[in-house]
Amino acid sequence: MCGIIGISNLPDASKTVFLGLYALQHRGEEAAGIVSFDGKDTQIVKNRGLVADALSPHALEGLKGQVAIGHTRYSTTGSSNIKNIQPFLVVHKGKPLAVAHNGNLTNTKELFQRLEEDGALFQTSMDSELIVHLLAKEKTTDLKKMFPNVLKQLKGAFSLIFLVGERVVGARDPQGFRPLCLGKLDDSYVLASESCALDLMRAEFVREIEPGEIVIIHKNKIESVFYEQTTPEEHRHCVFENIYFARPDSFIFGDNVYFT
């Protein structure tokens, strides 16, 4: 169900994102992509195929900057064409806004109709694009208000990583269906679908992102807000993560996959 990675405050961040995606190859073998930002320019590379084929060493050389997010695709919502390869990138108010999404929204039809009636023009058939349109419609520029406003409108199972200018934002749905963890690499923070990606990047596992939590990373600073708080009894983990998707050496949902 896709693998996602995000890194802030690391020189040549895209090269480390590549390593993380390589470790998450088992989560999606259809396509891969990386978006990076150097404070001025945005670069993106995405292609069909395995990570090593889709993201060549020559392509990685052009991905400059200390902020980057990546995605390896297992298509569920949206057809298997190049337009649907993630991350999905737009420029909004002069800043890059990109998303890497793992999961599925269940209210896509409702959101699509509402946005289209408001004049939205869609480039893909992915439910992930809906999230970008909702963010672009927000009047506030305060990320701690913008993201809760948008994520409250989503229904379904999702873990998300965004690149918003020089910031990386991560979020999980309130039931915690899909995994997402936080790591530390020297003076940098890392977000990843599974802890096995942190191991290959030589990053330290810090903790799992909580269900209903949003983390906002800017350089070496991190802030956390909850857009919806749920009790452990309300959490719903996807059983396929433990028996099919996740690598046995990963730590998700509070346990080591191999021992669960």
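Residue positions within a chain follow its written sequence, with the count starting from 1. Whole-chain, interface and lining totals are the exception, using all residues; otherwise, since this is a predicted model, local features are given only for residues with pLDDT of at least 70 and side-chain atom pairs are given and counted only at 80 or more. To get the side-chain values, all heavy atoms of the structure are used, and hydrogens and water are removed first.

Here's the deal with the nonpolar core
The nonpolar side chains of soluble globular proteins are, as a tendency, buried together. Take the buried Ala, Val, Leu, Ile, Met, Phe, Trp, Tyr and Cys residues and link them wherever side-chain atoms come within 4.5 Å; each set so joined is a nonpolar core. The classification of residues rests on relative accessible area computed with a 1.4 Å probe and restricted to protein chains. Under 20% of the type maximum is buried, over 50% is exposed, and intermediate values are partly exposed. Counting 30 residues, the largest nonpolar core has Phe147, Leu154, Phe162 and Ile214 as the members making the most contacts within it. The numbering of helices and of strands both runs from the N terminus, where a helix is a DSSP run of H or I of at least 4 residues and a strand a run of E of at least 2. When contributions to this core are tallied by element, the ones reaching two or more residues are strand E5 (88-92), strand E6 (95-105), helix H4 (108-117), helix H5 (128-137), helix H6 (143-151), strand E7 (156-164), strand E8 (167-172) and strand E12 (213-218). Between two residues, a contact is recorded if the distance between any of their heavy atoms is within 4.5 Å. Beyond its immediate stretch of four places on either side in the chain, Ile214 contacts Phe147, Pro148, Leu151, Val169, Gly170, Ala171, Glu223, Ser224, Val225 and Tyr227. Ile34, Ala54, Leu60 and Val190 belong to the second-largest nonpolar core, a separate cluster that totals 28 residues.

What about the pattern of salt bridges?
By definition, a salt bridge exists where a carboxyl oxygen of Asp or Glu is found within 4 Å of a side-chain nitrogen of Lys or Arg. Following the criterion strictly, the structure yields 9 salt bridges and no others. Close ionic contact of Glu61 with Lys15 constitutes a salt bridge, the shortest N to O distance being 3.4 Å. One end of the pair, Glu61, is in helix H3 (residues 57-61); the other, Lys15, is in helix H1 (residues 13-23), with 46 residues separating them in the sequence. Take Lys15: its relative accessible area is 34%, and that puts it in the partly exposed class. One salt bridge connects Asp118 with Lys137, and the closest N-O pair in it is separated by 3.4 Å. Here Asp118, found in the loop between H4 and H5, pairs with Lys137, found in helix H5; they are 19 residues apart in sequence, far enough to count as distant. Asp118 gets classed as exposed once you look at its relative accessible area, which sits at 52%. Several salt bridges converge on common partners, so that one network encompasses Arg27, Arg178, Glu194 and Glu241.

Structural notes on the packing of H4 against H5
It is at 10 Å that the axes of H4 and H5 come closest, and there the two elements cross at 45 degrees. Considered as vectors, H4 and H5 are oriented oblique to each other. Between H4 and H5 lies a crossing of left-handed hand. Contact residues: H4 offers Thr108, Leu111, Phe112, Arg114 and Leu115, while H5 offers Leu130, His133, Leu134 and Lys137. Simply put, an axis is a line fit to the C-alpha atoms, just over the touching stretch for a helix, and the angle between two N-to-C directions goes from 0 to 180 degrees. Any angle between 65 and 115 degrees counts as roughly perpendicular, while under 35 counts as roughly parallel, over 145 as roughly antiparallel, and the rest as oblique. What makes a crossing left-handed is the near helix being turned counterclockwise from the far one by less than a right angle; a clockwise turn instead makes it right-handed.

Description of the sheet that holds E5
At least two DSSP bridges between two strands are needed for those strands to be called paired. With antiparallel pairing, the 6 strands of this open sheet are ordered in space as E5-E6-E7-E8-E12-E13. Sheet topology places E5 and strand E13 (221-226) at the edges, where each strand pairs with a single neighbour. Across this sheet, the average inter-strand angle for adjacent strands is 20 degrees, counted without regard to direction. Pairing between E8 and E12: 5 bridges, direction antiparallel. If you follow Ala171 over to E12, its bridge partner there is Ile214.

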